[in-house]
Amino acid sequence: MSQLFILTGAGISAESGLKTFRDSDGLWEGHRVEDVATRDAYARNPRMVHDFYNMRRSQLQTVEPNAAHRALGRLEKEWPGQLTLVTQNVDDLHERGGCSDVWHMHGELLKKRCELCNTVSACREDLSVFSECSQCGHAGGLRPHIVWFGEIPLLMDEIYERVSKADLFVSIGTSGVVYPAAGLAAEAKSQGARTVELNMTDTEVSPCFDELIHGPATESVPAWVDALLSEGL
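Under an unreviewed UniProt entry, the chain has the name NAD-dependent protein deacylase and belongs to Oceaniferula marina. In its Subcellular location (unreviewed entry) section, UniProt records this for the chain: "Cytoplasm". The UniProt entry for the chain carries the following comment under Function (unreviewed entry): "NAD-dependent lysine deacetylase and desuccinylase that specifically removes acetyl and succinyl groups on target proteins. Modulates the activities of several proteins which are inactive in their acylated form."

What follows is the structure in structure tokens.
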């Protein structure tokens, strides 16, 4: 079993102090998703959208990776086969936890993209409609490098290729409701992979998994990594 595919979601970062995707009332950090995470929202009120992501970017830089992130960093270094780590998260906690090759299918909060010249670059500062692109020099084209609702996630062809080759598919802290990510477990299982879900409780896609492990990510992920590596695979 050398081809390992790991999908992570908001649940792995929650214990670092980052809120999960939506609160129980359906709001995303106090905002309707339709107001801050769609292209139409950006066209209607770019200032609100920029303010929302500026707040999230600032918050991200005040938190640290937790034991679950660090355990996956260790796994990347010690896993004898190919390991593919795909995350729905836009934070950089996997990287700070020791992972060097992370596929962000929903983009990255600490990057910006110019829609005028398609340049993607690092971003730790606040953005506004007056921010100028360092590549083309124009203002008004910069947006967070985030996949908004209605947009196609990044790297999907590469992701499906790796899923098709996986011997072991593991989902950690994902809600199981956001597609296409929510459909990856079923795809992996149809290709013959063993499937494992680590989450606080069952999710809508739990029936797709051969093994369910419940508990906080900071406890369940390090224990699972220890067990996996001890098998000597």
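Participant: Could you give me a rundown of the nonpolar core, with the residues and numbers involved?
Facilitator: One finds Leu-4, Ile-6, Leu-72, Leu-75, Val-170, Val-221 and Trp-224 to be the most contacted residues of the largest nonpolar core, which totals 24 residues. Going through the elements one at a time, strand E1 (3–8), helix H4 (67–78), strand E2 (82–87), strand E7 (168–172), strand E8 (194–199) and helix H8 (217–230) are the ones with two or more residues in this core. The element that contributes the greatest number of residues to this core is H8, accounting for 6 residues. Excluding residues that lie within four positions of it along the chain, Trp-224 makes contacts with Ile-6, Leu-72, Leu-75, Leu-168, Val-170, Leu-198 and Ile-213.

Participant: An account of the sheet that holds strand E6 (residues 142–146) is requested, with residue identities and associated values reported.
Facilitator: Pairing between sheet strands relies on hydrogen bonds along the backbone, with the strands arranged either parallel or antiparallel. With antiparallel pairing, 3 strands are arranged side by side in an open sheet as E5-E4-E6. Of all strands in the sheet, those bounded by a partner on one side alone are strand E5 (120–122) and E6. On average, each strand axis in the sheet is inclined to that of its neighbour by 45 degrees, with strand direction left out of account. Summarising the sheet, strand E4 (residues 107–114) and E6 pair through 5 bridges and their orientation is antiparallel. Within the sheet, the bridge partner assigned to Cys-114 lies in E6 and is Leu-142.

Participant: Describe the packing of H4 against H8, and please don't skip the residues or the numbers.
Facilitator: Between H4 and H8, the least distance of the axes is 7 Å, while the angle of their chain directions is 20 degrees. It follows from the interaxial angle that H4 and H8 lie roughly parallel. The two elements H4 and H8 meet at a crossing, and its hand is left-handed. Between H4 and H8, the residues in contact are Ala-67, Ala-68, Ala-71, Leu-72, Arg-74, Leu-75 and Glu-78 and Ala-217, Thr-218, Val-221, Pro-222, Trp-224, Val-225, Asp-226, Leu-228 and Leu-229, respectively. Looking at side-chain class alone, the contact of H4 with H8 contains 12 nonpolar, 1 polar and 3 charged residues.

Participant: Describe the packing of aromatic side chains, and please don't skip the residues or the numbers.
Facilitator: In total, this model carries 5 aromatic pairs according to the counting rule given. Seen from their ring centres, Phe-169 and Phe-209 are 6.4 Å apart, and the 35 degrees between their planes marks the pair as tilted. In this pair, Phe-169 sits in strand E7 while Phe-209 sits in the loop between E8 and strand E9 (211–214), placing the two residues 40 residues apart along the sequence. Three or more aromatic residues link up through ring pairs in this structure, and these residues are Tyr-42, Phe-52, Tyr-53 and Trp-148. Sitting over the face of the ring of Trp-148, Arg-143 holds its NZ or CZ atom 3.7 Å from the ring centroid.

Participant: Pulling in residues and values, what's your account of the pattern of salt bridges?
Facilitator: As enumerated under the stated definition, the model contains 15 salt bridges in all. Of the charged contacts, one joins Glu-108 and Lys-111 as a salt bridge, the two residues approaching to 3.0 Å between their closest N and O atoms. Salt-bridge contacts for Arg-194 lead to Glu-211; the nearest nitrogen and oxygen are separated by 2.7 Å. Of this pair, Arg-194 sits in strand E8 while Glu-211 sits in strand E9, and the two are 17 residues apart along the sequence. Residue Arg-194 is classed as partly exposed on the basis of its relative accessible area, which comes to 34%. Linked through salt bridges whose partners overlap, the residues forming this network are Arg-39, Glu-115, Arg-143 and Glu-151.

Participant: Residues and numbers for the UniProt feature "active site" (unreviewed entry) in the chain, please.
Facilitator: Within this structure's numbering, the places UniProt gives as "active site" (unreviewed entry) are His-106. The residues contacting His-106, other than those within four sequence positions of it, are Thr-87, Gln-88, Val-90, His-145, Ile-146, Val-147, Pro-153 and Val-178. Polar side-chain contacts of His-106 include one of 3.2 Å to the backbone oxygen of Gln-88.

Participant: An account of helix H3 (residues 46–60) is needed here, citing residue identities and associated values.
Facilitator: The end-to-end C-alpha distance of H3, which contains 15 residues, comes to 21 Å, matching closely the 21 Å that a straight helix rising 1.5 Å per residue would cover. Within H3, burial applies to Val-49, His-50, Phe-52, Tyr-53, Asn-54, Arg-56, Arg-57 and Leu-60. At its buried positions, H3 is contacted by helix H1 (33–36), helix H2 (39–44), helix H5 (93–96), E4 and E6.

Participant: Account for the side chain of Lys-112, naming residues and giving values.
Facilitator: Along the chain, the position of Lys-112 falls in strand E4. Within polar-contact distance, the side chain of Lys-112 engages the backbone oxygen of Ala-122 at 2.7 Å. At a separation of 3.4 Å, a polar atom in the side chain of Lys-112 contacts the side chain of Glu-125. Sequence-distant contacts of Lys-112, defined by excluding residues within four places in its chain, comprise Thr-119, Val-120, Ser-121, Ala-122, Cys-123, Glu-125, Leu-127, Leu-142, Arg-143 and His-145.

What counts, and at which threshold
All residue numbers here refer to positions counted from 1 along the written sequence of the relevant chain. In keeping with the model being predicted, local features are shown solely for residues with a pLDDT of at least 70 and side-chain atom pairs are shown and tallied solely at 80 or more, while totals for entire chains, interfaces and linings include all residues. Calculation of side-chain values draws on the structure's entire complement of heavy atoms; hydrogens and water are dropped beforehand. UniProt positions are given in the numbering used here, feature names are shortened, and annotations may be inferred rather than shown by experiment. Residues belong to one nonpolar core when they are buried, are Ala, Val, Leu, Ile, Met, Phe, Trp, Tyr or Cys, and are joined through side-chain atoms within 4.5 Å. Accessibility here uses a 1.4 Å probe with only protein chains present; expressed as a share of the type maximum, an area under 20% marks a residue as buried, one over 50% as exposed, and anything in between as partly exposed. In this description a helix means any DSSP run of H or I spanning at least four residues, a strand means any run of E spanning at least two, and both kinds are numbered starting from the N terminus. Between two residues, a contact is recorded if the distance between any of their heavy atoms is within 4.5 Å. Strand pairing is assigned whenever DSSP identifies at least 2 bridges connecting the two strands. Whenever a helix is involved, its axis is fitted only over the stretch in contact; in every case the axis is a line through C-alpha atoms, and angles between N-to-C directions fall within 0 to 180 degrees. Should an angle lie under 35 degrees it is considered roughly parallel, over 145 roughly antiparallel, and from 65 to 115 roughly perpendicular; all remaining angles are considered oblique. Left-handed describes a crossing whose near helix is turned anticlockwise from the far helix through less than a right angle; right-handed describes the clockwise counterpart. Amino acids outside the nonpolar list (Ala, Val, Leu, Ile, Met, Phe, Trp, Tyr, Cys, Pro) and the charged list (Asp, Glu, Lys, Arg) are all regarded as polar, and Gly is one of them. What counts as a ring pair is set by centres within 6.5 Å for rings of Phe, Tyr and Trp (its six-membered ring), and what kind of pair is set by the plane angle: stacked under 30 degrees, edge-to-face over 60, tilted for all other angles. For a lysine, the NZ atom is tested; for an arginine, the CZ atom; a charge sits over a ring if that atom is within 6 Å of the ring centre and within 35 degrees of the ring normal. Here, a salt bridge means any side-chain nitrogen of Lys or Arg that lies within 4 Å of a carboxyl oxygen of Asp or Glu. Distance and chemistry together define a polar contact, namely a pair of N or O atoms within 3.5 Å, with one atom able to donate a hydrogen and the other to accept it when in protein, and with adjacent residues in sequence counting only for side-chain atoms on both sides. Multiply 1.5 Å by the residue count of a helix minus one, and that product is the helix's expected span.

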